Structure formats: C-alpha cells, structure tokens
Amino acid sequence: MSRMGVFQIINHGVFDESLSNMREQAQKFFDLPLQEKKRCAQKPAGSLEGYGQAFVTSAKQQLPWNDTLFLKTLPLQNRNLNFWPENPQEFRHL
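Note that residues are indexed from 1 along each chain, following the sequence as it is written. For a predicted model such as this one, the threshold for reporting local features is a pLDDT of at least 70, and the threshold for listing and counting side-chain atom pairs is 80 or more; totals across whole chains, interfaces and linings nevertheless cover every residue. Note that water and hydrogens are dropped before the side-chain values are worked out from all heavy atoms of the structure.

Asker: How do you make sense of the packing of aromatic side chains when you look at a structure like this?
Answerer: The geometry of an aromatic ring pair comes down to the distance between the two centres and the angle between the two planes. Any pair of Phe, Tyr and Trp rings, taking the six-membered ring for Trp, is counted once the centres come within 6.5 Å. Such a pair is stacked with planes under 30 degrees apart, edge-to-face with planes over 60 apart, and tilted for the rest. What the rule picks out here adds up to four aromatic pairs. Ring centres 5.9 Å apart and planes at 70 degrees place the aromatic pair Phe29 and Tyr51 in the edge-to-face group. Here Tyr51 lies in strand E1 (residues 50-55) and Phe29 lies in helix H1 (residues 16-30), a separation of 22 residues in the sequence. In this structure Tyr51 comes out as buried when scored by relative accessible area, which is 4%. Seen from their ring centres, Trp84 and Phe91 are 6.1 Å apart, and the 70 degrees between their planes marks the pair as edge-to-face. The two residues Trp84 and Phe91 agree in class, both being buried. Within the aromatic cluster, the residues linked to one another by ring pairs are Phe29, Phe30, Tyr51, Trp84 and Phe91. Numbering goes from the N terminus for both helices and strands, where a helix is a DSSP run of H or I of at least four residues and a strand is a run of E of at least two. Burial classification: accessible surface area is computed with a 1.4 Å probe over protein chains only, and a residue below 20% of its type maximum counts as buried, one above 50% as exposed, and the rest as partly exposed.

Printed below as a string of structure tokens:
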C-alpha cells in the first residue's frame with residue numbers, strides 16, 4: 001500500500017520575496033561543482049545533516065538518486081553552521 005499526501009500552509013508570515021530568494025540560493029548551491037558541494041558533506045556516521053545523496057525508488061526518476069542538503073534551522077542551539085554552505089555567499093544570510 002502506498003500513500004501520497006499534499007498540504008498547503010497559508011498565512012505563515014514568510015514573504016514571497018524571501019521564499020523566492022531561498023529557492024534561488026538553493027539552486028545556486030546545487031549548480032556548484034561537486035567538489036564545492038562536498039565541502040559541507042554529511043559525515044559517514046551519524047546525522048543526516050549536510051550535503052549528500054538519497055536513493056530514489058520511483059519509476060518516474062531519470063536517475064536512481066537525488067542530491068540533498070539537509071540543514072537544521074531551529075532551535076538555534078541545534079544549528080550546525082559547519083554544514084551550511086559558504087558558497088553562494090548569500091546562502092547563510094537568508
């Protein structure tokens with residue numbers, strides 16, 4: 001059995017301009033060369049935080065994996081900036 005779900009959050013208080021900027025910075029990060037992205041790579045054992053790959057089991061995928069960037073943002077004491085990209089420079093200032 002498989003399930004799929006969709007949800008929409010409205011009135012969240014994040015401006016459209018901010019969301020667009022986040023998307024733009026994320027795209028710039030994923031457009032970087034692999035060696036640059038690996039600077040904030042996930043550690044071999046432990047957390048999922050950082051840049052890495054996840055294998056996909058969907059017939060609709062062209063490739064059997066996808067790139068991911070998992071970052072903790074809140075609570076602030078859990079934010080580990082070692083995994084946050086320095087390039088593009090604007091990424092950390094969103």
